[in-house]
Amino acid sequence: MRHGQSQWQVSPSEDWDTSLSPLGHDQAKHLGQWFTEDAPLDAATRLTVGSVLTSPLKRARETAEYLCESLELSAEVQPTLTEATFHVVSELPRAAAPFVPWPEDPLSARYLDFRAQARAALAELTRRAEETRQPVLAVTHGGLIKTVVRTIAESDSFCLKLYNCGINAIEWTNGRWRVVHVNLWDHLPPALRTT
């Protein structure tokens, strides 16, 4: 899942490692409350969590604190869950129009390094889920989540728009990746929904 709204999103600065904004704290508190209510995904399914991993950045750790309090778990910091230090979407290929061939320009070294980091994060999350036989909740960042999805799709030709405190669920089942949810935010009232 993506962290709550950060202070950087409200007032961009040179400091990428900012805390949650007041609205971000409200989002994370609301998400934590949702987990205490047995996290209903739909009429028949509940979101269960066996462990929580978080990015080392403040906004993710603060979001994880609210969740861990509700889940009665402790969060483990996983360095591969950190955000890129650059605007990821600006590194993706661009086509001249829909349905035309993609340019063959090579991807930048920093994007390739970040994509390798996303792959390593996914490998660690998968290993943890297999080891514990329980779902793993990762509190991380938009750039990383989008790059993980591009990694499992084996394509750098698309981007996603992700919401603060939105849940994005993937699973490995029957020999393939399955995207279960993208941007699930039904747990947040409209006044708390931000991108």
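Located above this text is the structure these notes cover.
Calculation criteria
- Residues take numbers from 1 onward in each chain, read along the sequence in its written order.
- Under the rules for a predicted model, residues below a pLDDT of 70 receive no local features and side-chain atom pairs below 80 are neither given nor counted, while totals for whole chains, interfaces and linings still include all residues.
- Hydrogens and waters are ignored; side-chain quantities use all the structure's heavy atoms.
- Runs of H or I in DSSP of at least four residues are treated as helices and runs of E of at least two as strands, each being numbered from the N terminus.
- Values of the radius of gyration come from C-alpha atoms, whereas the globule rule sets the reference at 2.2 Å times the count of residues to the power 0.38.
- Partly exposed describes any residue whose relative accessible area lies between the buried limit of under 20% and the exposed limit of over 50%, with all areas from a 1.4 Å probe on protein chains only and scaled to the type maximum.
- Should any heavy atoms of two residues lie within 4.5 Å, those residues are considered in contact.
- Each accessible area value is a Shrake-Rupley result obtained with a 1.4 Å probe; residue values ignore everything except the protein chains displayed when judging cover.
- For this count, His and the chain ends are skipped, Lys and Arg are scored as positive, and Asp and Glu as negative.
- For this purpose, a charge sits on NZ of Lys, CZ of Arg, CG of Asp or CD of Glu.
- What we call a nonpolar core is a set of buried Ala, Val, Leu, Ile, Met, Phe, Trp, Tyr and Cys residues that are connected through their side-chain atoms within 4.5 Å.
- Here, a salt bridge means any Lys or Arg side-chain nitrogen found within 4 Å of an Asp or Glu carboxyl oxygen.

A.B. asks: Could you give me a rundown of the overall build of the chain, with the residues and numbers involved?
C.D. replies: The helix and strand inventory of the chain stands at 5 helices and 5 strands. Taken over the C-alpha trace, the chain has a radius of gyration of 17 Å; the compact-globule value for 195 residues is 16 Å, and the two agree within 12%. Dimensions of the chain, computed from C-alpha atoms along their principal axes, come out at roughly 50 × 45 × 30 Å. For the chain, with 195 residues in total, the buried portion stands at 42%. Taking the contacts inside the chain whose residues are at least 6 apart along the sequence as the reference set, 62% of them involve residues at least 24 apart. Per element, the accessible surface of the chain, about 10,600 Å² overall, is 52% carbon and sulfur. Taking the average place of the 19 positive charges on the side chains of the chain and the average place of its 24 negative ones, the gap between the two points comes to 3 Å.

A.B. asks: Tell me what's going on with the nonpolar core, and back it up with residues and numbers.
C.D. replies: Core analysis: the largest hydrophobic core is formed by 20 residues, its most contacted members being Met-1, Leu-31, Trp-34 and Phe-35. Elements that contribute at least two residues to this core include exactly helix H2 (22-36), helix H3 (58-71) and strand S3 (136-139). Per element, the largest residue contribution to this core is 4 residues, and it comes from H3. What Phe-35 contacts, discounting residues up to four positions off in sequence, is Leu-47, Val-49, Leu-67, Ser-70, Leu-71 and Leu-137. One finds Leu-81, Leu-92, Ala-118 and Ile-152 within the second-largest nonpolar core, a separate group that totals 16 residues.

A.B. asks: So what's going on with the environment of Tyr-66? Which residues, and what values?
C.D. replies: Topologically, Tyr-66 is positioned in helix H3. On a C-alpha basis, the gap between Tyr-66 and Asp-26 in space is 10.0 Å, while along the polypeptide they are 40 residues apart. Ignoring any residue separated from it by four or fewer positions in sequence, one finds Tyr-66 in contact with Leu-20, His-25, Ala-28, Lys-29 and Gly-32.

A.B. asks: Give me the lowdown on unusual backbone geometry, citing residues and values where you can.
C.D. replies: Unlike most non-glycine residues, Phe-99 shows phi in positive territory, near 65°. When you line up the elements, Phe-99 lands in the loop between strand S2 (75-77) and helix H4 (109-132). Of note in the backbone geometry, Asn-174 takes a positive phi value of approximately 50° without being a glycine. Here Asn-174 shows up in the loop between strand S4 (167-173) and strand S5 (176-184). A relative accessible area of 68% means that Asn-174 is categorised as exposed.

A.B. asks: Explain the pattern of salt bridges to me, and be specific about the residues and the numbers.
C.D. replies: Once the charged atoms of two side chains with opposite charge are near each other, the side chains can pair. Applying the stated criterion to the full structure yields 7 salt bridges. Linked through salt bridges whose partners overlap, the residues forming this network are Glu-76, Glu-124, Arg-127, Arg-128 and Glu-131.

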